[in-house]
Structures are given as structure tokens and as C-alpha cells.
Amino acid sequence: MSMRDRRRVSNWLLTICVMLLGMIALGGATRLTGSGLSIMDWRPVTGMLPPLSHAEWERQFELYKGIPQYKILHEGFGLAGFQKIFWAEWMHRFWGRVIGLYLLVRLVIFAVQGVLTRGLILRLAFFFVLGGLQGAIGWFMVASGFRPDSTAVEPVRLVLHLGMALILYGAILWTALSVRYPTVEPVPDRAGGRRTRMALHAALGLVGLTIVAGGFTAGTHAGFSYNTFPLMDGHLVPEGYARLHPFWFNWIANIPAVQFDHRLLATLTVLAIGLTVFFGMKANLGPRAHAAVALMGWAVLIQYALGVTTLLLVVPVWAGTIHQTFAAVLLGVGIYAMHALRGAKRTRW
């Protein structure tokens, strides 16, 4: 690939990453406004069109009236209220379809032009398939909210949906960076670079665990409780942390445990990234890797502050949406740093 073609392809893939950030933001807003269960049918193709007649609006509203969320939370709010939550969920699904079409159309164009290697074509086609699978997982998640006495989706399915979105986002971002920077940038200080890279591995693992814990915090609505910081109702470890059996079930269903775990993992993430920045600033990593590590330090501080703000304000929609979206931004910065540190990889044990 020529450098011009590399820039074109990487810009296209980076644009998709930005679009995925928008998708994650829309997903957060949809969840926080209780809009996710407003569309009762899954039509991958024809669903791109919203209701175009009053009769179709009434049909959709009648379907919604049949699920527990309407009867428990929204009974009597009328067609206008239904339309408000419908548009949020419709936009979320529509934007996912736009991303898929943009990926497929540009992939075909670049392939016909001979810009892409065969391996890259196969990888990007696989990403398209994963995008379709993500849509199916989304419906699998939504369907869990239609069960008797349910007003929201199951937390485990919510985490699965969010996790798949982040895997797809990370894979496309890494591919975009590999296309744009095909040559490994040498790290002058190999020993310092390896230390930084090892610390970054641990930090990225903690970022992933913290996001998963955040998904369970969102799915169980744990953020609406214990809205003090740093203590939880005057305790470092909240009362009732281990009240469910078996013990591991507390991590996904017990509100005190779920929120405490998210706080603890977030704090450990800050410390791990702080150690990564410490090693990185001491070492001669090269300009791109040095800037990436420093940027990750600033990003984690912003994310931690957003998390505390969201908690203290009792999860307003704007704060919860930004906090969820910036988690993906932090992950992306970490992936960028890891890619820039490829030159510090250990070649032998």
C-alpha cells in the first residue's frame, strides 16, 4: 500500500471508531432515559424507517403497552411520551446500521480499487460480520426486558452488549493504527520501554475490568445508591457486601458490592496508569510513545473525575452518558499507547 492509500484507509477506519464512540454515547443515553425497550420488534432492514403514519405509531404504542415497563413505570403517559422514548432507541439502532453500511460500502470500493491487501479485506469483512452479531446481541439484550415484572434489561446481557462494542472498537482502532504506522517505531530505551509496556498491560487489563464493573453498576442501577465519596454511607466497605450466595453472585447482582467493586477497580486503574506514566516519563520511549503515555495519564484523571461527578450528582443523563463514552476514549488512548510501544516488545525470554 502506498502512503497515500494508507492515510485514506486509516482515516476511514478512524472515522468508524469515532462513529462507534457516538454509538456508545447513544447507548448510554438510551439506557439512562429508559428508552431501550420502546421498540418491540427487531427488523434489521426495514427497521431503518421510523413509523410513517399515525396508524403505525399507534401499532407500535400498543405493542409497548403489553410489556411490564409500561405498566409499572409509564402507564398513562400517552402517545407523545412514547414517541419521545421511541426516537432515542430508534436513533441508536439507526446509527448502528449507518456504521455497518459505511464500513461495507467503503470496503467494497477500496477492494475494487485494489487499495487493500487480501488479508486486510478478510479482516475488515470479519469486522462487518461482528457488527451484525453485535446487532443480534443488542436484540438479545433488549428481549430480556420483556419478561414479567421486568422494567430493564438483564445486567449480564447489558455487559455482553457493551463488551462486544468495545472489542469491535478496539480491533478497528488497532487495525487503523497498524495501517497508518506499518513500521515499528524504535524505542531507544529498551529496558525502560519494556517496564512501561508491562505496566501498561496491567493498566489496560484494569481498564477492561473497570468497564465491565461499570456495566454491572449501570445494569443494576447501583449508581443511584451510596451517593457519597470516598466512603459509602460512612463505611469504606459497605455493609451487606457479601449478603448473597454464592459469594461471586454479589459481584453482578448485589448493589453495595457492585458499586464498591467499580470504585475499587477505578482507583486501582488510576494507580496502574500512574505507574505506567512514571515509568514512561523516566524512559526514552520515542516521541509518539512518550506522548501517548502522557495522554493516557491525563485521560484517566478526567475519567475518574467524571465518575465521581456522576455519582455525587446521582447519575444525571448527561453525566452518565459522558462517563460511559469517555471510558471508551480512555481505552482507545491505552490501545494507541500500546501500539506506539510495539518497539519495546521482548524479542526473547
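Described below are features of the structure shown in this document. Predicted model, so just to flag it, every value in this text is computed and none were measured.

### Section: the packing of aromatic side chains
Under the counting rule described, the total for this entry stands at 22 aromatic pairs. Aromatic pair phenylalanine 61 and phenylalanine 77: ring centres 6.1 Å apart, planes at 45°, arrangement tilted. Of the two residues, phenylalanine 61 sits in helix 2 (residues 54-65) while phenylalanine 77 sits in the loop between helix 3 (68-74) and helix 4 (78-112), which places them 16 residues apart along the sequence. Phenylalanine 77 gets classed as partly exposed once you look at its relative accessible area, which sits at 25%. Look at phenylalanine 86 and tryptophan 87: their rings are 6.1 Å apart centre to centre, the planes differ by 85°, and that puts the pair in the edge-to-face class. Through a chain of ring-to-ring contacts, the aromatic side chains of Trp57, Phe61, Tyr64, Tyr70, Phe77, Phe82, Phe86, Trp87, Trp90 and Phe94 assemble into a single cluster. The ring of phenylalanine 140 has arginine 157 lying over it, and the distance from NZ or CZ to the ring centre is 3.8 Å.

### Here's the deal with the pattern of salt bridges
In this structure the tally under the stated criterion is nine salt bridges. As a salt-bridge pair, aspartate 5 and arginine 4 come within 3.9 Å of each other at their nearest N and O atoms. In this structure, the salt-bridge partner of arginine 59 is glutamate 56, at a minimum N-O distance of 2.9 Å. Highlighted residues: arginine 59 and glutamate 56, both in helix 2, separated by three residues, approximately one helical turn. You can call arginine 59 partly exposed: its relative accessible area is 36%. Each of Asp41, Arg43, Glu56 and Arg59 takes part in salt bridges that share partners, so that together they form one network.

### Description of the environment of serine 144
You can see serine 144 is positioned in the loop between helix 5 (118-143) and helix 6 (155-180). With relative accessibility at 1%, the residue serine 144 sits in the buried group. Here the side chain of serine 144 touches glutamate 154 through a polar contact of 2.9 Å, landing on its backbone nitrogen.

### Points about empty space enclosed by the protein
Within this structure, the stated rule accounts for one cavity of 30 Å³ or more. The calculated volume of the largest cavity comes to roughly 90 Å³. As for the largest cavity, its lining consists of Ile39, Asp41, Trp42, Arg43, Gly47, Leu49, Gln60, Phe86, Trp90, Arg93 and Arg97. For the lining of the largest cavity, the element with the highest residue contribution is helix 4, accounting for four residues. Broken down by class, the residue content of the lining of the largest cavity amounts to five nonpolar, two polar and four charged.

### Looking at unusual backbone geometry
Residues phenylalanine 229 and proline 230 are joined by a peptide bond in cis, for which omega reads 10°. The step from histidine 245 to proline 246 runs through a cis peptide bond, and the omega angle for that step is 0°. Topologically, proline 246 is positioned in the loop between helix 7 (190-219) and helix 8 (250-253). One non-glycine residue, tyrosine 226, adopts positive backbone phi at about 55°. With respect to the helices and strands, the residue tyrosine 226 is situated in the loop between helix 7 and helix 8. You can call tyrosine 226 buried: its relative accessible area is 18%. Here valine 314, not a glycine, exhibits a phi torsion of approximately 60°, which is positive. Secondary-structure assignment places valine 314 in the loop between helix 10 (287-312) and helix 11 (317-340).

### Considering the side chain of asparagine 250
Structurally, the position occupied by asparagine 250 is in helix 8. Among the polar contacts listed, one links the side chain of asparagine 250 to the side chain of asparagine 254, at a separation of 2.8 Å. Each residue touching asparagine 250, except ones within four places of it in the same chain, is listed here: Tyr241, Ala242, Arg243, Leu244, Ala257 and Val258.

Cut-offs used in this document
Residues numbered from 1 in each chain as written. Predicted model: local features only at pLDDT ≥ 70, side-chain atom pairs only at ≥ 80, totals over all residues. Heavy atoms only, no water. Phe/Tyr/Trp six-rings, centres within 6.5 Å; stacked < 30°, edge-to-face > 60°. Helix = DSSP H or I, 4+ residues; strand = E, 2+ residues; numbered from the N terminus. Buried < 20%, exposed > 50% of the residue type's maximum accessible area, 1.4 Å probe, protein only. Lys NZ or Arg CZ within 6 Å of the ring centre and 35° of its normal. Salt bridge = Lys/Arg side-chain N within 4 Å of Asp/Glu carboxyl O. Polar contact = N/O pair within 3.5 Å; in protein donor to acceptor, adjacent residues only side chain to side chain. 1 Å grid on protein atoms, 1.4 Å probe; cavity = no way out; pocket = protein on both sides within 12 Å on 5 of 7 lines; lining within 4 Å. Points joined across faces, edges and corners; volume = space filled by probe spheres on them. Nonpolar A, V, L, I, M, F, W, Y, C, P; charged D, E, K, R; others polar. Contact = heavy atoms within 4.5 Å.

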